[in-house]
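Here is what each chain is made of, one letter per residue.
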Number of protein chains: 6
Amino acid sequence: MKKIAVYPGTFDPITNGHLDLINRSTKIFDELIVAVAKNPKKALLFNVDERIEMIRKITKDNSAVKVESFDGLLVDYVNKKCSSVLIRGLRAVSDFEYELSMALMNRKLDSEIETFFMMTSELYSYISSGVVREIASLNGSVKCLVPEYVEQKLKEKFSKET
Amino acid sequence: MKKIAVYPGTFDPITNGHLDLINRSTKIFDELIVAVAKNPKKALLFNVDERIEMIRKITKDNSAVKVESFDGLLVDYVNKKCSSVLIRGLRAVSDFEYELSMALMNRKLDSEIETFFMMTSELYSYISSGVVREIASLNGSVKCLVPEYVEQKLKEKFSKET
Amino acid sequence: MKKIAVYPGTFDPITNGHLDLINRSTKIFDELIVAVAKNPKKALLFNVDERIEMIRKITKDNSAVKVESFDGLLVDYVNKKCSSVLIRGLRAVSDFEYELSMALMNRKLDSEIETFFMMTSELYSYISSGVVREIASLNGSVKCLVPEYVEQKLKEKFSKET
Amino acid sequence: MKKIAVYPGTFDPITNGHLDLINRSTKIFDELIVAVAKNPKKALLFNVDERIEMIRKITKDNSAVKVESFDGLLVDYVNKKCSSVLIRGLRAVSDFEYELSMALMNRKLDSEIETFFMMTSELYSYISSGVVREIASLNGSVKCLVPEYVEQKLKEKFSKET
Amino acid sequence: MKKIAVYPGTFDPITNGHLDLINRSTKIFDELIVAVAKNPKKALLFNVDERIEMIRKITKDNSAVKVESFDGLLVDYVNKKCSSVLIRGLRAVSDFEYELSMALMNRKLDSEIETFFMMTSELYSYISSGVVREIASLNGSVKCLVPEYVEQKLKEKFSKET
Amino acid sequence: MKKIAVYPGTFDPITNGHLDLINRSTKIFDELIVAVAKNPKKALLFNVDERIEMIRKITKDNSAVKVESFDGLLVDYVNKKCSSVLIRGLRAVSDFEYELSMALMNRKLDSEIETFFMMTSELYSYISSGVVREIASLNGSVKCLVPEYVEQKLKEKFSKET
């Protein structure tokens, strides 16, 4: 039976840390659905179509990866996809506590759903989408932080804004 | 291809928290090898044969579980077992930091090995083998903390000692 | 002399975790004043009258509980109530640091006021009012997270909104 | 009804941080039993009689304080004393996680027993009995860290040892 | 060669904790540039000119202190000032994780720049600009939390507002 | 005036993480005294002469580095060296809390002594002397974790032992 995992997030934009986690988890699971939150409660730089397009472009050589958007309760989405596994990355203690409470809550809502956590590689631990957006907005270089295609999209976004 | 995961630990003795994690991870992996550390650097209550025997007894109805002892480098053992996945439980922030450094170190020693973390169920979060040993040594009840068979073994151990 | 404690918060809405703490602290203190912050700096789902009404309904059988609103400095309010004890719940490390600095600050402002912390029961540790609001807004079930009356009020609130 | 609380610990030796907490909690509770662990699993500098004698000497003007030794399960001791309240101090995040699991475990063993946590005053947050012992053993001054009587006892102890 | 360090922040307003850190670091470095962020992404109580004026007034007797505003990438600013040292205060675990990721990111952007962290004195650990603003807005006393001149400016600000 | 800093530790043995911190801090301070604790309370693999010899060998091209042993109170040693600056590395939250209390205690013992903390580079964050000793004892490769000379000394140590 095919093992399907779901990797939910905002991905605004996808970073090298996300990409590393995608590639590592597809060594273990047969299919990984990258589930892009349509309308999270935070202000967004890229809309959902832009965010999906970037992830598709960057992961196009990894046939185990599917990219989709979702809204509503995450556990309902995971069930619809015939999966029972959520993948989340952990970078720091503050991540840990938030993720722990989300994992417990999701198990409460659906006891069949299991959350697996992977540690972010030490090379990517300080990268978050927020830091990437901030550096790009100040014209700093994000070359080692995001794939080349995303770097270019960030430049377009911020040159348009000015 | 069969997905094999390794769940290493001391298990001195196995608790309801360990058992919960074993049962949940065998829903995802085809085979789970519970790898009992032969001679960890801490003082032990049960020797390696006793610890293995208790785990085997308690997990005997779950055909996906194998119980073995190991010593030497964990990454070498995982390779010998044709696995590339380690499973570890996380209960608290202090666990988190230790586990993060172990996971990074193991990836350094063998970049193909991946560590997946599972959150301990809220019902078991305060149970550790150490707490179980302490309560049992003071004649307190460990009925809700360990399987019945382990409870009995703890009683034998501490009545012998006195 | 009657021992009076004050349990301040936003309670937007009250959860099973809050209720557990209210019931446990009235075993120790003769009177517990649940002090509902009138206009905290965050966006609210329920106004102060709605929040007070829900707490009163739910705690009506516990004669040691009084429910009131407050604004201004918390230490001034506690003094006006002839109390010198604040009760706060702790769920996680991030709570802990915030609560520690608040407790030190309140003692600075009034050295006679003492803050007592109680640990949230493991069954309620992942419940926060924020998580409850989010799940209810996505039509998820909050049956085990809040008292029945609150569940109903949440349904009304979110059906009105659509 | 008299409100009795139990403050358990090793007190090897009692510090200004402990003393501050004792004095603050007797403003709230009618009686505070300082319960000195007879044989904790760590190496001790002072035996149980010496530890009790120092606490009695230092708290002799506070009539709400009783000092006793205990061994066995803490919850059994608390019951025997007709109390249902444990007092514990919190200094740091690492304290917090240990104390949380102990509080949950004690509630499991006896659901009527409640643990209240008090924050250590900022002036004493870096003082622990271990740090006091280490500084005294290196002939450093512990004048601001412990009561005068304890300072003297530490000097006697370490001059005897050499 | 003159050792120049940069202490960046929002300082809205400067507190006794900031001042303590400024005075302690000028014992080590020949010059300390207090770099006031012009337009941080948070809502501000004082504009950049007001914030600079308060810091200048308060530090006018310490000849090693310079006060300036900055915007853009912090590492670019540090380079322009012929410095390679950033000074940051640490109060709590939550500070620690944020500061760690910022320090790693700044080193990534410019490997010659080093961040030194100093612990906030225990007397100031619970003071943050945010807490000061909140207490002042509720007419509480901030006498021990900020220099007298800042206390006065806060009063003016909040009396104007009403 | 020459700026002298003291970097105290056990260094059993020195790792690449320590070396990175030594090289980075000598860009800021004119002289760095690596102060090797003679008889810390933990069991040691290398005696003090071996630990000093390894550090000297590895840092011999950095003329700003001096290596010495010390015992007794650290603040007394720092004073004798005409320094007032301690350097410590921070890797994780658990380090942070211990280091914070040590820094506060040292300032209490001598208010002129300042502790500066540097973040360990992300490449070395999971390396500790303890992990190095464990891997070496199991015949694992420590090539990327310690300088070549230390790797060789570890091999000698563990081949002798068997």
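Refer to the structure printed above.
Residues numbered from 1 in each chain as written. Chains lettered and ligands numbered in written order. Predicted model: local features only at pLDDT ≥ 70, side-chain atom pairs only at ≥ 80, totals over all residues. Heavy atoms only, no water.

## A look at the relation of the copies chain C and chain D
In the superposition of chain C on chain D (RMSD 0.0 Å, axial shift 0.0 Å), the rotation amounts to 180 degrees. Overall, the copies show the geometry of a two-fold rotation axis. In terms of C-alpha distance to the rotation axis, chain C has Phe117 of chain C as its closest residue, with the C-alpha 2.4 Å off the axis. Looking at the interface residues of chain C, 100% of them are also at the interface in chain D, so both copies use one shared face. (Least-squares fit on C-alpha atoms with pLDDT ≥ 70 in both. Contact = heavy atoms within 4.5 Å.)

## A look at the pairing of strand 1 (residues 4-9) of chain E
Residues and elements named next belong to chain E. With six of six residues buried, strand 1 lies mostly within the body of the structure. Burial of strand 1 is two-sided: the residues Ile4, Val6 and Pro8 facing one way and the residues Ala5, Tyr7 and Gly9 facing the other way are all buried. Where strand 1 meets strand 2 (residues 31-37), six bridges bridge the pair, whose relative direction is parallel. By the bridge assignment for strand 2, Tyr7 is matched with Val34. Where the polypeptide runs from strand 1 across helix 1 (residues 16-25) and back to strand 2, its parallel neighbour, the crossover connection is right-handed. Here strand 1 runs beside strand 4 (residues 85-90); their pairing, made up of two bridges, is parallel. (Buried < 20%, exposed > 50% of the residue type's maximum accessible area, 1.4 Å probe, protein only. Helix = DSSP H or I, 4+ residues; strand = E, 2+ residues; numbered from the N terminus. Pairing = 2+ DSSP bridges. Right-handed = clockwise from strand over helix to strand, strands pointing away.)

## Some details on the environment of Leu100 of chain E
Mapped onto the fold, Leu100 of chain E is located in helix 4 (residues 93-109). In this view, Leu100 of chain E contacts Arg91 and Met119 of chain F; residues no more than four positions away in its chain are not counted.

## A short note on the relation of the copies chain B and chain A
Superposing chain B onto chain A requires a rotation of 180 degrees together with a translation of 0.0 Å along the rotation axis, leaving an RMSD of 0.0 Å. Of the interface residues in chain B, 100% have counterparts in chain A that sit at the interface too, so the contact is made through matching surfaces.

## Quick notes on the interface of chain B and chain A
At the interface, 31 residues of chain B touch 31 residues of chain A. Around 2,700 Å² of area is buried between chain B and chain A when both sides are counted, 66% of it from carbon and sulfur atoms. Here chain B and chain A share six salt bridges between them. Notably, a salt bridge pairs Asp30 of chain A with Lys3 of chain B, separated by 3.6 Å at the nearest N-O pair. Remark: the boundary between chain B and chain A carries seven residue pairs in polar contact (both at pLDDT 80 or more). Sorting the residues of the side of chain B that touches chain A by element identifies strand 4 (85-90), helix 4 (93-109) and strand 5 (114-119) of chain B as the ones contributing at least two each. With nine residues, the top contributor of residues to the side of chain B that touches chain A is helix 4 of chain B. Split into classes, the residues belonging to the side of chain B that touches chain A amount to 15 nonpolar, four polar and twelve charged. (Buried area = accessible area lost by both parts, 1.4 Å probe. Salt bridge = Lys/Arg side-chain N within 4 Å of Asp/Glu carboxyl O. Polar contact = N/O pair within 3.5 Å; in protein donor to acceptor, adjacent residues only side chain to side chain. Nonpolar A, V, L, I, M, F, W, Y, C, P; charged D, E, K, R; others polar.)

## Quick notes on helix 5 (residues 129-137) of chain E
Residue and element names in this part refer to chain E. Residues of helix 5 that are buried include every one of Ser129, Val131, Val132, Ile135 and Ala136, and no others. Taken down its axis, helix 5 places every buried residue within 160 degrees of arc, on the same side. Within two residues after helix 5, Asn139 carries a phi angle of roughly 65 degrees, on the positive side. (Arc of directions from axis to C-beta.)

## A look at the arrangement of the chains
Here chain A and chain D are not in contact; the least distance found between their C-alpha atoms is 11 Å. Contact between chain B and chain E is absent, and the least distance between their C-alpha atoms amounts to 11 Å.

## Concerning the interface of chain C and chain D
Across the boundary between the two partners, chain C contributes 31 residues, which contact 31 residues of chain D. In total, chain C and chain D occlude about 2,700 Å² of area from one another, counting both sides; carbon and sulfur atoms represent 66% of this. Along the contact surface separating chain C from chain D lie six salt bridges. We note a salt bridge from Glu114 of chain C to Arg24 of chain D, for which the minimum N-O separation is 2.7 Å. Those elements that place two or more of their residues in the side of chain C that touches chain D are strand 4 (85-90), helix 4 (93-109) and strand 5 (114-119) of chain C. Ranked by residues supplied to the side of chain C that touches chain D, first place goes to helix 4 of chain C with nine residues. Its residues placed into classes, the side of chain C that touches chain D shows 15 nonpolar, four polar and twelve charged.

## Some thoughts on the pattern of salt bridges
Pairs can form between side chains of opposite charge once their charged atoms are near each other. In the structure shown here, the tally under the stated rule is 72 salt bridges over all chains. Taking the shortest distance from any N to any O, the salt bridge between Lys157 of chain A and Glu50 of chain A comes out at 3.1 Å. Placement of Lys157 of chain A in helix 6 (residues 148-161) and of Glu50 of chain A in helix 2 (residues 48-58) is noted, with a sequence separation of 107 residues between them. Residue Lys157 of chain A is classed as buried on the basis of its relative accessible area of 15%. Glu112 of chain E is the partner of Lys27 of chain F in a salt bridge, and the nearest nitrogen-oxygen pair spans 3.9 Å. Of this pair, Lys27 of chain F sits in the loop between helix 1 (16-25) and strand 2 (31-37) while Glu112 of chain E sits in the loop between helix 4 and strand 5 (114-119), each in a different chain. Classification of Glu112 of chain E by relative accessible area gives partly exposed; the value is 47%. When salt bridges that share partners are traced, they join Asp20 and Arg24 of chain A together with Arg107 and Glu114 of chain B into one network.

## Details of the side chain of Asp12 of chain F
Residues and elements named next belong to chain F. As for its position among the elements, Asp12 is in the loop between strand 1 (4-9) and helix 1. A relative accessible area of 3% means that Asp12 is categorised as buried. Look past the residues within four positions of Asp12 in its chain and what remains in contact with it is Ala43, Leu44, Leu45, Phe46, Arg51, Ser129 and Arg133.

## What about the pairing of strand 5 of chain B?
All names here are of chain B. For strand 5, the buried fraction is high: six of the six residues fall into the buried class. Because side chains alternate across strand 5, one face comprises the buried residues Glu114, Phe116 and Met118, and the other comprises Thr115, Phe117 and Met119, equally buried. Here strand 4 runs beside strand 5; their pairing, made up of six bridges, is parallel. For Leu86, the partnering residue across the bridge sits in strand 5 and is Thr115.

## Examining the side chain of Ser25 of chain A
On the secondary structure map, Ser25 of chain A appears in helix 1 (residues 16-25). Excluding its chain neighbours within four sequence positions, the residues that come into contact with Ser25 of chain A are Leu32 and Met118 of chain A.

## Observations regarding the packing of aromatic side chains
What the rule picks out here adds up to 27 aromatic pairs over all chains. Relative to Phe29 of chain D, the ring of Phe116 of chain C has its centre 5.8 Å away and its plane inclined at 90 degrees; by these criteria the two rings are edge-to-face. On the criterion of chain membership, the pair formed by Phe116 of chain C in strand 5 and Phe29 of chain D in the loop between helix 1 (16-25) and strand 2 (31-37) is interchain, its members lying in two chains. For Phe29 of chain D, a relative accessible area of 2% corresponds to the buried category. Taken together, Phe29 and Phe116 of chain A together with Phe29 and Phe116 of chain B form an aromatic cluster joined through their ring pairs. (Phe/Tyr/Trp six-rings, centres within 6.5 Å; stacked < 30°, edge-to-face > 60°.)

## A word on the environment of Cys82 of chain C
Inspection of the secondary structure puts Cys82 of chain C in the loop between helix 3 (74-80) and strand 4. Separated by 16 residues in sequence, Cys82 of chain C and Lys66 of chain C have C-alpha atoms that sit 14 Å apart.

## Observations concerning unusual backbone geometry
In this chain, Asp12 of chain C is followed by Pro13 of chain C through a cis amide linkage whose omega measures 0 degrees. Of note, Pro13 of chain C is situated in the loop between strand 1 (4-9) and helix 1 (16-25). Positive phi outside glycine occurs at Cys82 of chain A, with the angle close to 60 degrees. Of the residues examined, Cys82 of chain A reaches a relative accessible area of 66% and is grouped as exposed.

## Concerning the nonpolar core
Of all hydrophobic cores here, the largest spans 258 residues; its most connected members are Ile87 of chain A, Ile87 of chain B, Ile87 of chain C, Ile87 of chain D, Ile87 of chain E together with Ile87 of chain F. Setting aside residues no more than four positions away along its own chain, Ile87 of chain C makes contact with Ala5, Val6, Tyr7, Pro8, Leu21, Phe29, Leu32, Phe116 and Met118 of chain C together with Phe116 of chain D. (Core = buried A, V, L, I, M, F, W, Y, C linked by side-chain atoms within 4.5 Å.)

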